Amino acid sequence: MARHARSARTLAGGVSSAVRRSARPYPLFFTSGAGPRVDDVDGNSYIDYGLAWGPLILGHSHPAITSALHRQLDRELTFGAQHDLEYAVSELLVGIVPCGDLVTFASSGTEIVQVALRLARAVTGRSRFLKFEGHYHGWDDSVLVSYHPSAAEIGAAEGAPIPVAAGQRRHDSVIVAEWNDRTAVERAIATHGSEISAIICEPILCNSGCIPPDPGFLEFLREITLQAGALLIFDEVITGFRLKLDGAQGFYDVTPDLATYAKAIGGGVALSALAGRRDFMHWIANGRVVHAGTLNGNPLALAGAKATLEHLSKDAAAIYTNLHRLGDRLREGLEQALSAHGYPVVTSGAGPVFQVSFMDCPARCYRDLLRADTPLYNDFAMALLDEGVLVLPDGRWYVSTVHTDEVIDETLAAIHRAVA
Ligand SMILES: Cc1ncc(COP(=O)(O)O)c(C=O)c1O
């Protein structure tokens, strides 16, 4: 607490990303991490299911990544020019990502989503796009709308996009629909189809309840975008390299036109990527769609990504089967522990990323989540912290490749104590 107070004297809010403010009892300070565990400045060690909000697919300080970074550190930090790691990683990605004929790199998910949306506008000559309520695509003005609105805000907005932040530019480029609502999408296309350049979505709504698409919903989005002459963009910043090696595209067998990646792609380094069809990415290749950035494709980030992707690719079938098995085991154990004590709990998601919500039945869209008992989840998260288990404040749980059955056993015992 003293460190947070000291930090806040010079660092705005004492945190470096707005979402970290919501940590309870206050933003903790950490010193180191190894495998599935992370240590704080007071000497407490936690089993970590936050995993830095998703990037640490191989857990903390995985030797495959740290040794690759050390090797690269001895050579060069950045060139601002071409080097061998660029095509090494783009070749890996093109081999993995179903929609990826060509890729381009940036440093954050926010940036790379903007590249995708710009490209969609260029390709179609249209200026608007459709996003879904509750989906997060970064903090840029254009996409930070209708993210987590309250019931009152939804009522007052009458269907208009709801800005999140003070100072956000208002513009009419966004059309918002509810997740899993085919009628709403059909209505938007019928009314604005000739203006819509793209439909963008998180293929599993990880940022709001880890709500999966209804069966056939992603196929429906694929079909309707093709009919409307719009691009389908999967924002795979969370699902990429997490659900499966080939992400949600492989998991659901639906291929979008473009896909954005960050978080797990780098295993903890700052890297994002856009992958897409050649005829669309061609606009970036020929420079008509400008995508620039001083640190784009820097060797340090790409060394981390190469190590991560190679590690995940080596024995992908076994790695992802195990990730799903462990995630499902943890989920079931959580449900049993909480239900046994009379708590109405719902979990949703898929294997290595899932959500724990205190509510009576599963959500199909963001609005359903407004029924969840958030204060109760906060109490649960605090009780877990006391038992040595670190979770994100929003109810999302991540599992890494270095969580083992023994670690899950330890976690379930801690959960039982916390619930009691
Ligand atoms: C689905 C999704 N898209 C985009 C972003 C933005 O990524 P970044 O935080 O790297 O800018 C996030 C971040 O959480 C995300 O979850």
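One can find the structure itself at the top, above this paragraph.
Residues numbered from 1 in each chain as written. Predicted model: local features only at pLDDT ≥ 70, side-chain atom pairs only at ≥ 80, totals over all residues. Heavy atoms only, no water.

J.: For the site of the ligand, give the residues involved together with the corresponding values.
T.: In the vicinity of the ligand, the residues found are Ser-108, Gly-109, Thr-110, Tyr-136, His-137, Gly-138, Glu-202, Asn-207, Asp-235, Val-237, Ile-238 and Lys-263. A distance of 2.6 Å separates an oxygen atom of the ligand from a polar atom in the side chain of Thr-110. Side-chain polar atom of Asn-207 to an oxygen atom of the ligand: 2.8 Å apart, as the coordinates give it. Considered on its own, the ligand offers 390 Å² of accessible surface; in the complex 83% of this is hidden by protein. Classifying every residue of the shell around the ligand gives three nonpolar, six polar and three charged. (Near = heavy atom within 4 Å. Polar contact = N/O pair within 3.5 Å; in protein donor to acceptor, adjacent residues only side chain to side chain. Areas by Shrake-Rupley, 256 points an atom, 1.4 Å probe, with all protein chains shown as cover. Nonpolar A, V, L, I, M, F, W, Y, C, P; charged D, E, K, R; others polar.)

J.: If you had to explain the pairing of strand S7 (residues 196-201) to someone new, which residues and values would you point to?
T.: Across the six residues that make up S7, a large majority, six, are buried. Here strand S5 (residues 128-132) runs beside S7; their pairing, made up of three bridges, is parallel. Within S7, the position partnered with Arg-128 by the bridge is Ile-196. Across four bridges, S7 lies against strand S8 (residues 231-235) in parallel orientation. Looking at the pairing, Ile-200 lines up with Ile-233 of S8. Regarding the hand of the β-α-β motif, the stretch spanning S7, helix H7 (residues 217-228) and S8 is right-handed. (Buried < 20%, exposed > 50% of the residue type's maximum accessible area, 1.4 Å probe, protein only. Helix = DSSP H or I, 4+ residues; strand = E, 2+ residues; numbered from the N terminus. Pairing = 2+ DSSP bridges. Right-handed = clockwise from strand over helix to strand, strands pointing away.)

J.: Describe unusual backbone geometry, with residues and values.
T.: Following Arg-24, the chain continues to Pro-25 via a peptide bond in cis, the omega torsion being 5°. In this fold, Pro-25 is placed in the loop between helix H1 (2-10) and strand S1 (30-34). Backbone geometry places Ala-52, a non-glycine residue, at a positive phi of 60°. Mapped onto the secondary structure, Ala-52 falls in the loop between strand S3 (45-48) and helix H2 (63-73). A relative accessible area of 47% means that Ala-52 is categorised as partly exposed. Located in the positive-phi region is Glu-158, a residue other than glycine, with phi close to 50°. With respect to the secondary-structure elements, Glu-158 resides in the loop between helix H5 (151-157) and strand S6 (174-177). Assessed through its relative accessible area of 73%, Glu-158 is described here as exposed.

J.: Run through the sheet that holds S5, naming residues and quoting values.
T.: Spatial ordering of the open sheet is given by S4-S10-S9-S8-S7-S5-S6, a layout of seven strands whose pairing is mixed. Edge strands, defined here as strands with exactly one partner in the open sheet, are strand S4 (102-106) and S6. Going across the sheet, the axis of each strand differs from the next one's by a mean of 20°, ignoring polarity. Across four bridges, the pairing between strand S9 (residues 258-261) and strand S10 (residues 272-276) is antiparallel. Within S10, the residue paired with Leu-258 across the bridge is Gly-276. (Axes fitted to C-alpha atoms, helices over the stretch in contact; angles between N-to-C directions.)

J.: Residues and numbers for the nonpolar core, please.
T.: Grouped together as the largest cluster of nonpolar side chains are 59 residues, with contacts concentrated most on Tyr-49, Phe-241, Leu-330, Phe-380, Trp-397 and Ile-415. Counting residues per element, this core draws most heavily on helix H11 (residues 316-340), at nine residues. Shared between two domains, this core takes at least three residues from each, and those domains are domain 1 (2-62 + 315-419) and domain 2 (64-314). If sequence neighbours within four positions are ignored, Phe-241 has contacts with Ile-57, Leu-93, Ile-96, Gly-247, Tyr-261, Ala-264, Ile-265, Leu-309, Leu-312 and Tyr-320. Residues Leu-205, Leu-221, Phe-234 and Tyr-366 belong to the second largest nonpolar core, which totals 33 residues. (Core = buried A, V, L, I, M, F, W, Y, C linked by side-chain atoms within 4.5 Å. Domains from an automatic or database assignment. Contact = heavy atoms within 4.5 Å.)

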